[in-house]
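Fold and contact review
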Amino acid sequence: MKYIGAISMILIGALLITLTATVPGFSVVNITTATTTPSLTYNMTSSYPSATTPFNVTIFPSSTSVTITVTFSTNYYFSYVQSSGTYATGQVTISDFNTSNFVGVYSTNWAIRVVEYSQVIPIYKIMAFSSFNFSNPITGGNHIYEISWESILHYSGSIQTTTGTQSVSGSIMANGKPVFGKFSPSTVYPGYFILQNCTSSWSPVATYSLSMSNSSQINIQIPSTQSGAYLNFIYVEYNASGNTLAGFSYAYVILSTTGTAQWRLTNTTTYNNYPALYMHVILKPGTYTINGYAVYNYGQNGGLEQLFEMSSTWNVSQMGQVNFNNNQIITYILGSLLIVLGVVDAWRWHI
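Residues numbered from 1 in each chain as written. Predicted model: local features only at pLDDT ≥ 70, side-chain atom pairs only at ≥ 80, totals over all residues. Heavy atoms only, no water.

1. Looking at the overall build of the chain
Scanning the chain from N- to C-terminus turns up 2 helices and 25 strands. Taken over 351 residues, the chain has a buried fraction of 42%. Partitioning the contacts of the chain with sequence separation of at least 6, the portion at a separation of at least 24 is 73%. Carbon together with sulfur atoms contributes 54% to the accessible area of the chain, which is approximately 17700 Å² in total. (Helix = DSSP H or I, 4+ residues; strand = E, 2+ residues; numbered from the N terminus. Buried < 20%, exposed > 50% of the residue type's maximum accessible area, 1.4 Å probe, protein only. Contact = heavy atoms within 4.5 Å. Areas by Shrake-Rupley, 256 points an atom, 1.4 Å probe, with all protein chains shown as cover.)

Shown next, in the form of structure tokens:
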């Protein structure tokens with residue numbers, strides 16, 4: 001009987017630890033931390049063309065037309081987003097930088113996507129995407145065009161405050177920073193990027209096709225036996241449109257964690273029986289934004305083609321990884337403390 005108290009503490013402590021680790025959100029305490037609700041922000045986060053200066057302009061892969069794209073995003077602000085009351089509108093303004101002539105203002109269609117930041121304490125941001133098919137106003141010309149986007153986000157949902165959940169709705173407007181692009185002297189046929197999530201022996205377990213029209217978030221699940229993500233980037237140099245080797249120089253990717261540093265694809269391989277380049281990258285779990293480019297030469301002109309973008313944050317999560325909130329951490333510590341006290345009590349009775 002003298003060991004009943006010690007055994008009880010050990011069993012209760014083990015039960016608390018087991019429930020905290022296996023039951024999502026489980027805790028025996030409920031301590032709320034007073035925080036100030038952040039202000040809602042809405043900004044342009046990426047675009048194609050991406051050049052922000054006319055002196056290092058993005059050259060389109062066609063001499064006749066191009067699809068320009070843009071992404072606007074809020075900060076992580078919402079605890080819930082109501083789809084029926086959330087939508088975006090906007091327009092793009094295009095001017096001829098060479099002649100200072102106004103080309104036009106065009107209303108565009110917008111798509112909305114809600115992105116979750118955390119599954120433990122769900123917080124969401126709203127992303128708005130739009131595109132416009134821009135035809136070359138000057139046949140055979142390659143003037144520089146200044147492109148300016150603006151967007152209005154209409155939102156409805158709720159936010160988490162220090163006193164509970166609060167419903168919010170309204171509108172917020174954002175003007176994007178002007179970007180610059182020009183049509184190439186002749187149409188070329190850029191290839192495309194493929195991303196493979198691999199095992200540590202570089203055996204693919206999932207394959208993603210990357211393009212400017214694919215702005216979806218990619219969640220890479222890392223096997224529990226690995227400490228990082230083994231990613232294989234492939235640039236396929238041929239496609240059904242033509243010979244992409246014409247004028248091709250090199251391809252590379254840029255990671256948000258490395259600034260403007262280029263990670264060039266230099267190894268040769270084949271993909272679907274087409275010539276390709278590839279690069280192996282090992283990344284620790286974290287959040288990344290990745291953009292892919294190919295560089296072409298058009299006579300005496302240089303051309304930089306942005307072929308894909310992961311414009312949203314890219315969450316790399318590890319299989320089996322457990323994330324605890326503050327209340328769960330306290331519960332975990334309490335369970336551990338009960339086990340220690342139970343062992344000490346049993347040892348005391350033993351001696």
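2. Comments concerning the side chain of Ser 151
Mapped onto the elements, Ser 151 comes out in strand β9 (residues 144-161). By relative accessible area, Ser 151 is classed as buried at 1%. At a separation of 2.8 Å, a polar atom in the side chain of Ser 151 contacts the side chain of Tyr 42. When residues no more than four places from it in sequence are discounted, the contact partners of Ser 151 are Tyr 42, Phe 72, Ala 88, Thr 89, Gly 90, Trp 110, Ile 172, Met 173 and Ala 174. (Polar contact = N/O pair within 3.5 Å; in protein donor to acceptor, adjacent residues only side chain to side chain.)

3. A word on the sheet that holds strand β12 (residues 192-198)
Strand order in the open sheet formed by 5 strands is β13-β12-β15-β21-β20, with antiparallel pairing between adjacent strands. Both edges of this open sheet fall to β13 (204-210) and β20 (267-271), since each of them pairs with a single strand only. Each adjacent strand pair in this sheet contributes to an overall mean axis angle of 35°, direction not counted. Bridge analysis of β12 against strand β15 (residues 229-236) gives 7 bridges, and the strand direction is antiparallel. The residue of β15 that forms the bridge with Cys 198 is Tyr 230. (Pairing = 2+ DSSP bridges. Axes fitted to C-alpha atoms, helices over the stretch in contact; angles between N-to-C directions.)

4. Thoughts on the pairing of strand β6 (residues 101-107)
Relative to β6, strand β5 (residues 87-96) runs antiparallel, the two sharing 6 bridges. Among the inter-strand pairings, Gln 91 is bridged to a residue of β6, identified as Ser 107. Counted between consecutive antiparallel strands, the loop separating β5 from β6 contains 4 residues, among which Ser 100 sits at a positive phi close to 65°.

5. Topic: unusual backbone geometry
With an omega of 5°, the peptide bond between Tyr 48 and Pro 49 qualifies as cis. Summarising the element assignment, Pro 49 is placed in the loop between β1 (42-48) and β2 (58-60). Its identity is not glycine, yet Ser 100 carries a phi of approximately 65°, on the positive side. Mapped onto the secondary structure, Ser 100 falls in the loop between β5 and β6. Residue Trp 202 is not a glycine yet carries a positive backbone phi of 65°. Topologically, Trp 202 is positioned in the loop between β12 and β13.

6. Here we look at the confidence of the model for the chain
Overall, the predicted model of the chain reaches an average pLDDT of 77, with 66% of residues at or above 70. The secondary-structure element of the chain with the lowest mean pLDDT is strand β25 (residues 314-318), recorded at 49, while β5 shows the highest, at 96. Here residues 318-325 scores under 50 on pLDDT; set against residues more than four positions off or in separate chains, the count is 18 contacts. (pLDDT = per-residue confidence, 0-100.)

7. Things to note about a nonpolar patch on the surface
Residues Tyr 87, Ile 112 and Val 114 make up a contiguous nonpolar surface patch of roughly 240 Å² in combined accessible area. Tracing the chain through its elements places Val 114 in strand β7 (residues 110-116). Residue classification places Val 114 among the partly exposed residues on the basis of a relative accessible area of 38%. (Patch = residues over 30% accessible without salt bridge, like charges linked within 9 Å, V, L, I, M, F, W, Y side chains within 5 Å. Salt bridge = Lys/Arg side-chain N within 4 Å of Asp/Glu carboxyl O.)

8. Overview of the packing of aromatic side chains
Geometrically, a pair of aromatic rings is defined through the distance of the ring centres and the angle of the planes. Summed over the entire model, instances satisfying the criterion amount to 16 aromatic pairs. Ring geometry for Tyr 252 and Tyr 293: centres 5.2 Å apart, planes at 20°, overall stacked. Of this pair, Tyr 252 sits in strand β18 (residues 248-255) while Tyr 293 sits in strand β23 (residues 290-298); the two residues are 41 residues apart in sequence, bridging distant segments of the chain. Every member of this aromatic cluster is reached through a ring pair, and the members are Tyr 48, Phe 60, Phe 134, Tyr 145 and Phe 183. Above the plane of the ring of Tyr 250 lies Arg 264, whose end atom (NZ or CZ) is 3.6 Å from the centre. (Phe/Tyr/Trp six-rings, centres within 6.5 Å; stacked < 30°, edge-to-face > 60°. Lys NZ or Arg CZ within 6 Å of the ring centre and 35° of its normal.)

9. Thoughts on the sheet that holds strand β3 (residues 65-74)
Pairing within the open sheet is antiparallel, and its 4 strands lie in the order β1-β3-β8-β7. Edge positions in the sheet fall to β1 and β7, since each has one partner strand and no second. On average, each strand axis in the sheet is tilted by 25° relative to the strand beside it, whichever way the strands run. Strand direction decides the pairing type here: β7 and strand β8 (residues 124-135), joined by 7 bridges, are antiparallel. The partner of Arg 113 across the bridge, within β8, is Met 127.

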